[in-house]
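Each chain, written out:
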Amino acid sequence: MSDSWLSEVRWVVALALAMLILGLLTGYVALFLLLGVLCYLGWHLFNVVRLLRWFQEGKRFHPPEVRGVWEDVYYNIYRLQQRNRLRRRRIVRMLNRFQEATAVMPDATVVMGTQGEIEWWNDAAGNLLGLRVPQDRGRRIVNLVRHPVFAEFFAARDYSLTVQFPAPVNEQIMLAVRIVPYGGDHLLLVARDITPVYRLDQVRRDFVANVSHELRTPLTVIGGFLETMSEDDDECSRRWGRSLYLMRQQTDRMQRLVEDLLLLSRLEMEKGLHHRDVVPITTVLASIREEALVLSGERRHAIHLDVDPGLQLRGSGEELRSAFSNLVFNAVRYTPDGGDIHIRWYADDAGAHFEVRDTGVGIAAEHIPRLTERFYRVDAGRSRESGGTGLGLAIVKHVLNRHEGQLRIESELGKGSTFVCDFPAHLICVS
Ligand code: ADP
């Protein structure tokens, strides 16, 4: 760089000297010096124009032959161009490789703008979502994937969720779809074919529902006979009294189990709550309290009810009754004789809340995350003894899911537990 500057300076000095000598010889020093300055400016102007043309042509790779300071200018621009070209080539290669990889991926991948304008998709997306080249480029995904579950999911913009719905191209294919935002102004949709897993789950659900249904009638018959036999006051019932009592107890347990399994299957099969009634929760809770007092019987629990009388909820009365009674009956079953049970039904800014607080045995922290699993019990012996099926909290969780609610559990071993059901404010109905 310094060399070119030096040669430039030498050039200028030589030009100035030449003009000065010519001026002295002819007697027109100022004129010749002006001529020298004009020549020098003209040369720079010529180079500026040449540089602009070089930029505009774009395709010409090598810079033109020049001397002086312009050699440096051209050389540096040329180097910068080379570096950019290399970088661009590397990015294009990477992009091609990424597109090749996503193109062969079995999961459908769609790149979209924030409003769902489709920019790019892979082959699987074409096959599973029915996207066509080129007419679907730029169209909004909600206009092409029209399932109501997807429309609701896309409008909610809760990117932590995964939704399942049948593929637009074939109702027999079940898709699990997620959307992930990236790069600030893009969304990536990933759809996976989960048909085999979905079918297996359906077979399992059908199996449990069918077995429970098939067991219901024989159990009712056996229960009926056992009741009649134990009510008879003859030699046989006196002799078999204890055995008949135990048989009735077990039959009752099996009947409760079958009823709970059937209820769970029903909750699982009916996706989403299509019809919502206005449920008079206050009345429901008053009758649950009466039943809980009967269940408590000789154990004499104090059951307090503190409700907001005008607060109602939109939902399924039968399901909510089942969930609330499971929580209240659990409090009775896991609280020592004479203990306190507080039932609250109230609303605040976050929504409506149903709370059951007891002074019972409590639950160790490590069990709490697993309590809503089917047949998960902290103490299986105690659960069976008190008539539990191990399905109560699983039912509560399903009912809450169907009412957009959540279950919170707080507990301290030996001190008691609090179960709270939170419902969103938009389900509240005030009379
Ligand atoms: P179960 O029929 O066994 O009560 P649930 O699903 O209703 O089944 O409850 C699961 C487990 O959670 C119970 O076995 C019990 O260990 C625990 N549990 C539920 N409610 C309470 C409570 N109020 N206090 C203490 N433990 C409880």
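Criteria and thresholds
Along each chain, numbering runs from 1 in the same order as the chain's sequence is written. With pLDDT at 70 or above as the cut-off, local features in this predicted model cover only qualifying residues; side-chain atom pairs require 80 or more to be listed or tallied, and sums for whole chains, interfaces and linings still use all residues. Calculated side-chain values reflect all of the structure's heavy atoms, with hydrogen atoms and water omitted. In this description a helix means any DSSP run of H or I spanning at least four residues, a strand means any run of E spanning at least two, and both kinds are numbered starting from the N terminus. Every radius of gyration here is taken over C-alpha atoms, with the globule rule written as 2.2 Å times N^0.38, N being the number of residues. Buried means the residue's accessible area, taken with a 1.4 Å probe over protein chains only, is under 20% of the maximum for its type, while exposed means over 50%, and partly exposed covers the values in between. By definition, residues are in contact when any of their heavy atoms lie within 4.5 Å. Accessible areas in this description were obtained via Shrake-Rupley with a 1.4 Å probe; residue shielding takes into account the shown protein chains only. Only four residue types enter the tally: Lys and Arg on the positive side, Asp and Glu on the negative side, with His and both chain ends excluded. For this purpose, a charge sits on NZ of Lys, CZ of Arg, CG of Asp or CD of Glu. Residues are classed as near a molecule or strand on a simple rule: at least one heavy atom within 4 Å of it. Pairs of N or O atoms within 3.5 Å make up the polar contacts considered here, provided that, within protein, one atom can donate a hydrogen while the other can accept it, and that residues adjacent in sequence are counted only when both atoms are side-chain atoms. Pairing between two strands is assigned when DSSP locates at least 2 bridges connecting them. Only the stretch in contact is used when a helix axis is fitted, and all axes are lines through C-alpha atoms; the angle between N-to-C directions ranges over 0 to 180 degrees.

> Give me the lowdown on the overall build of the chain, citing residues and values where you can.
Secondary structure summary: the chain contains 13 helices and 13 strands in total. For the chain, whose C-alpha radius of gyration is 40 Å, the value lies well above the compact-globule estimate of 22 Å for 431 residues. With the C-alpha coordinates of the chain rotated into their principal frame, the extents come out at 155 × 45 × 40 Å. Residue burial in the chain is summarised as follows: out of 431 residues, 37% are buried. The contacts in the chain between residues at least 6 apart in sequence include a share of 58% that link residues at least 24 apart. Element-wise, carbon and sulfur atoms account for 58% of the exposed surface of the chain, whose accessible area totals about 26,100 Å². One finds the centroid of the 53 positive side-chain charges in the chain at a distance of 11 Å from the centroid of its 53 negative side-chain charges.

> Give me the lowdown on the site of the ligand, citing residues and values where you can.
Close to the ligand lie 20 residues, the nearest being Asn 330, Tyr 334, Ser 383, Gly 390 and Leu 393. Within the contact set of the ligand, an oxygen atom lies 3.2 Å away from a backbone nitrogen or oxygen of Val 378. The contact in question runs from an oxygen atom of the ligand to an N or O atom on the backbone of Gly 392, over 3.3 Å. Contact with the protein chains hides 98% of the accessible area of the ligand, taken as 520 Å² for the molecule alone. Residue assignment for the shell around the ligand shows that the elements contributing at least two residues are α11 (317-333), α13 (392-402) and β12 (416-423). Top element by residues in the shell around the ligand is α11. It accounts for three residues.

> Can you tell me about the sheet that holds strand β10 (residues 351-358), naming the residues and giving the values?
The strand order β7-β9-β10-β12-β11 describes an open sheet built from five strands, whose pairing is mixed. What marks the edges here is a single partner per strand, and that holds for β7 (302-307) and β11 (406-412). Averaged over all pairs of adjacent strands, the angle between strand axes in this sheet comes to 10°, irrespective of strand direction. Of the strand pairs in this sheet, β11 and β12 are connected by seven bridges, and their pairing is antiparallel. Looking at β12, one finds that Arg 408 is bridged to Val 420.

> Residue-level account of unusual backbone geometry, with values.
Note the cis peptide between Val 133 and Pro 134, where omega equals -5°. Its location among the elements puts Pro 134 in the loop between α4 (123-129) and α5 (141-144). Positive phi, close to 55°, is recorded for Arg 157, a residue that is not glycine. Locating Arg 157 in the fold gives a position in the loop between α6 (148-156) and β3 (163-167).

> Account for the sheet that holds strand β2 (residues 118-121), with residues named and values stated.
Taken in spatial order, the five strands make up an open sheet running β2-β1-β5-β4-β3, and their pairing is antiparallel. Lying at the two open borders of the sheet, with one neighbouring strand each, are β2 and β3. Taken pair by pair, the neighbouring strands of this sheet meet at an average axis angle of 30°, ignoring direction. Note: strand β4 (residues 170-182) against strand β5 (residues 186-193), eight bridges, orientation antiparallel.

> Outline the pairing of β12, supporting the account with residue identities and numerical values.
Strand residues, when the strand is regular, have side chains that alternate between the two faces of the sheet. Buried residues dominate β12, accounting for eight of its eight residues. Residues Gly 416, Thr 418, Val 420 and Asp 422 line one face of β12 and the alternating positions Ser 417, Phe 419, Cys 421 and Phe 423 line the opposite face, and both faces are buried. Taking the residues that link successive antiparallel strands as the turn, the β11-β12 hairpin has three residues, and the phi of Gly 414 there is positive, at about 80°.

Spatial relationships are all this shows, so hold off on functional conclusions.
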